[in-house]
Each structure stands twice: as structure tokens, then as C-alpha cells.
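Given next are the chains, with one letter for each unit.
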Amino acid sequence: MSSRRSEALAFSLVTGINHAMARLVDIWDSMGIMEEQRVERMETVKKHIEGLLNDMITEEEALKHRIRTNIITFEKQLDTLCLEMSMDPYKLEEGLTVLQIEKNLRLRMEVLTKEKGDRLKELHGLQQQDKELCLELCVTPYYVPTGSMPSRTQLQELREHLKTLSEEKKSRAKVFSGLREDIRKLMEDMGHKPETSLEKESVCHGEEIFLLTHENIKALQLLLSQMKVKKESLMNTLAELKERAMCLWNRLEALEQDRTAFQESVQGTLSDQITQWQGEVDCLTVLQKAMLEDVIDKVRQELVALWDKCNQGPEQREPFNAHICDDDFTEELLALHDAELLKVKNYYDQAKPLLEVLQKWEKYWALFQDFEKKANDPNRFSNRGGALLKEAKEKVKVQKMLPKLEEELRTGVESWEKDQGSAFLVQGQRVMTYISSQWEEHKQQRGKEKSERAITSKKGEMTTLFKTPTKRAHGGMNTLTPNKIRKTPAQPIMVRSVSCSSSSTFISVPSSKPPLSQVQMQKTKSLERSNSSSRQRTPLQEYNGTEGKKPVDISYSDFTGDLFKKPNDAVFNSTAKDLF
């Protein structure tokens, strides 16, 4: 369609030139211009038209050359831009004219040039932010080669880098703020005035004084820990002063209202409170000097009570007995008593868990001994209301708790002695030796009671054996039917016979069982053999191996295993009671 239009336009151009020439000829004819002049004029027209067309052709040729030059230039520039911007080379479509190629290349060049400018501008802004953040955080900036064009990947990584740095800055700022606030609060609580430059900067309210570096964070953390240690030290000092004041108040029998009034008046920071309590302790110390005898007596009472709580025996108290008996009441003597009291208090605080377990063991040990005593009391079977069942349950509980507490004591004492480097003594003995001595003493007491019961039982049998028999009643009085007569091994069986004369006759039929006296004699001899056997060797001696050896540590299970062994020829209390 376009070619036809151009052909029609060219044809109309030729037609127009022909018409113009025909018109010129007519004009020349009317003017009477000769042929030679006509030819000259026509040559002028021709030359003019040819010159115009040649000029136009020259211009178009120049345009064509310029377009081709632009194409070559654009291609080179595009290749350079794509290489700088890390992009794939631009590819033209096939079948395009020179003008279309030049236009596409020009437009692509304009797009890439704009994108290059945008990238450089964004890179400059991001690098500026990165520089500021890295300066605050003291970290290495994101590396982009100087004078190079950043790729899209590099710009994205730089954005993520800045995002990470921003989050890190917020996190560090939060940590800095928290540390400085804690330090400021601790200083206010203690009444501590900043001394070093770090302390002054940490309590300053300016937010940009500190660089948010790891080193500064560590420095603030160290300062905070130092402030905490100092506060703890002040708290301990204050607690010691309070304890000292309480002790002096108790020794001097100060009025409760005076104590309360002073405690309510104490206010301010820790340093101020320490100053006030120190002043009160100094005043009480002055008063104490005027009442040394009464004060030392009270300290002695407190020391003896604390010795008892720690289960310290005479050997452990012996080194200080000379001071206890000293009647020369001086400040030096009071200082010695205070030092010993503090020493025993520290020991009690360290050994308190073990002492509590030992106290619990002694409680169950007392219950165990009480149950052992009740077991020999026959009257306990006459109790009603479930008391016997309750007693049995409690006894089972005691039997379970004793070995458990002994094992807990053994492991606890081993750990304590390893940590403290000294022996844990109870009444001057090792714990397990003390417990073994308690078991041994209980076994000896049990054997003694058993022997006493055997002797008492033997005396009762002998008294029954030589007792004068009583007279029987006459046959006509209180006669019993055969089935009502009690059959005993010591009495003959009474058989009643009836005759025609209505007289009653009693016949003595001997029993097949031996007399009671013989049975009693046999049982008594058996009991004596059992007692003599038990006197020869006790269960704990069996456990230790040799009678003369020092008792070794035993547990409840070891003791009960030996205690409740039943010899083959032994006679138990319940059996003996049934026989008698």
C-alpha cells in the first residue's frame, strides 16, 4: 500500500513537471521567444531541477550514513553498558530496516542510561547509610569496587546488609539502654557517685555518647557486674550491722519501742542506712562496755545453746572451756566469745541441712524405741478404736524412714567432708559411728530386758511348782457336769458315775499329757539355753566379726536382719505366756 502511494506520488511529480514545462512553452510561445532562447531557458530549468534533486539525494545519503554510524555507536555503547551493569547483551530482532534498528537501539540506550543513573544514585544513598551505621557499630562497610557499576544483585545485598545493620543497631541500642538504666538505678540505690569517665557517661542521659560497639557493651556489662557486687557487699554489710545491732539490743535488753522507732527512722540509700546502723552499733558498743559481765553471760548462754544445736560433744567444746570459766570480764574476753559464737554460727549455717536430717533421724529413732517398748506390753492388745492398726502403720513408716535417713546422712556427710576438708562429728563421733553406737546400745538394752524377763519367768515357775495345793470341795457342793470340767495338763480328768444308791463317786483318770510342772521346767531350760546363747554373741558382734573390735557403721537394715533372727529352740514371749 505504501509503495503504491509512493509510485503515485512520483507519477504525479513527473506529471506536474510536464505540465509546468508545457505552461512555460506556452508562455514562451506567446512571448515570441526564439528556439535558441527556449533551449537555453529549458536547460536552466533542467539544471535547477537536477540541482535540487541532487541536493536532496545528497542530504538523504548523509542521513543514511549518519543512521548507520548511530547504529554502530549505539551497539558499542549498549555492549559496554550491559557489561558494566552485568546484563545480557542486547539482541535485535531479525528483518528490521535500518531506521527501525537505529530507533530500537536508541530507545534501549536511553533506558539503560537512565537505569545506570538510578543505580548510581541509589548506590550513593545506600553507601552513605552504610557508612553511618558502620561508624556507629564499628563494623566493616559493604564492599563495592570504587568507580564500578553495581549490579542488581549487589544492590539487593546492600539493602539486606543495611536492614541487618539497622536491626543490630536497634538491638544494641536496647541493650545499651537497659544496661545504663540498671547501672543508674544501682548507683541511686547505693548512693554511689560516678567517679570514672565510664561511670559518668553511663549515667548521662545523652543517647549518642556511646558508640554501639561490642567493646562498649562488654565495658557496661563489666561495670554493671561491679555495681552488683558492690551492692551485694553493701547489703551484706548492712545485714551484718543489723544482726550486730539486734544482738546488742538483746544483750542490753533494749525496749521494743526503741528498736522499732530506730528501724522506722532509718531511710535513704544503702550508704546512708549503713551510716545510720553503724552509728547505732557504735552507741550500743559503748553501752555494752559498761555491762560486760551481763553481756558475756548472755553470750555464753547463746554459745552453749548453739553448741547443743550443732550436737558438739565435750571434746569439741574443750578448747573454749577455759574462756567459759574465766571470771575476768574484759573486752578481750568478750571479743573471744563473739569470735567463737561467729565460728559456731558459720558452722551451723554450713551444716544446717545435715543437722536437720540428723534431727529427723533422732525423731524417728525415738519413735522406733517407743514402739519396741510397746511391743513388750501385753495391755496394748486391749486397746480399741483402731489404735493398734494405727500403731502398726506408724511402725512400718518408721522402719522405712530410718534406713532412708541413714543413707541420706551417709552420702550427705561424705559430700560435706569432701567440700569442707574436715570431719563432720556428732557428740565427738563420726555420724555413722554415732548411729552404730545407738543401735548397739539398743541391742544391749534389749538383751538385758530379755534376760530380766527370763529370770522373772523362771522365778514365777518355781513359785508355782512348790505352791501348797488347796482342798477340794465336798462332792455334794458345786459339782460340775462332765462337759463343763476344764481339762488341763496338770489335773486328772474327773468322771462321774451314778449308782442305784444315788451316791456320786469321782474317779481320777490320769491324762495322756505330762504335768504342767514338767512342761514348765522344759520350757525354762530351753529359754535359759537361748539366753546363754544370746549372751555369748550378740547380732552386732556377729556383724562386726570380733567382740573386742570397735563397732563399725551399720544401717537399720543390717541391725533388723540380726535382731529378728529366730533360733530353732527359742521360746517367744507370747508362747511363754500361753504356757503359763
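All figures in this text were calculated on a predicted structure; none of them were measured in a lab.

What counts, and at which threshold
- Residues numbered from 1 in each chain as written.
- Predicted model: local features only at pLDDT ≥ 70, side-chain atom pairs only at ≥ 80, totals over all residues.
- Heavy atoms only, no water.
- Helix = DSSP H or I, 4+ residues; strand = E, 2+ residues; numbered from the N terminus.
- Contact = heavy atoms within 4.5 Å.
- Areas by Shrake-Rupley, 256 points an atom, 1.4 Å probe, with all protein chains shown as cover.
- Core = buried A, V, L, I, M, F, W, Y, C linked by side-chain atoms within 4.5 Å.
- Buried < 20%, exposed > 50% of the residue type's maximum accessible area, 1.4 Å probe, protein only.
- Axes fitted to C-alpha atoms, helices over the stretch in contact; angles between N-to-C directions.
- Parallel < 35°, antiparallel > 145°, perpendicular 65-115°, else oblique.
- Left-handed = near helix turned anticlockwise from the far one by under 90°.

Q: Please explain the overall build of the protein chain as it appears in this structure.
A: In terms of helices and strands, the protein chain carries 17 helices and four strands. For the protein chain, restricting intrachain contacts to residue pairs at least 6 apart in sequence, the fraction spanning at least 24 positions comes to 71%. In the form shown here, the protein chain has an accessible surface area of approximately 39800 Å², with 54% of it arising from carbon and sulfur atoms.

Q: Before we go on, may I ask you to explain the nonpolar core in this structure?
A: Nonpolar side chains tend toward joint burial in soluble globular proteins. The biggest cluster of nonpolar side chains holds 75 residues, and the ones touching the most others in it are W277, W361, L402, F424, V431 and I435. For this core, the secondary structure elements donating two or more residues are helix 3 (98-137), helix 4 (152-190), helix 6 (214-252), helix 8 (270-289), helix 9 (292-309), helix 11 (331-375), helix 12 (387-420) and helix 13 (431-465). Of the residues forming this core, the biggest block, 16 residues, is contributed by helix 11. Listed in part, the 13 residues of the second largest apolar core include F74, L81, M85 and L112.

Q: Which parts of the structure should I look at to understand the side chain of D338?
A: As for its placement among the helices and strands, D338 is situated in helix 11. The residues contacting D338, other than those within four sequence positions of it, are R244, R251 and V299.

Q: Got a minute to help me understand the packing of helix 4 against helix 6 in this structure?
A: Each packed pair of helices is defined by two parameters, the angle between the axes and the distance between the axes. In the contact formed by helix 4 and helix 6, the axes pass within 10 Å of each other and the chain directions differ by 25°. When the axes of helix 4 and helix 6 are compared, the pair comes out roughly parallel. Handedness of the helix 4/helix 6 crossing: left-handed. The residues of helix 6 that touch helix 4, namely those facing E168, R172, V175, F176, L179, R180, D182, I183, L186, M187, D189 and M190, are H214, N216, I217, L220, Q221, L223, L224, M227, K228, K230, K231 and L234.

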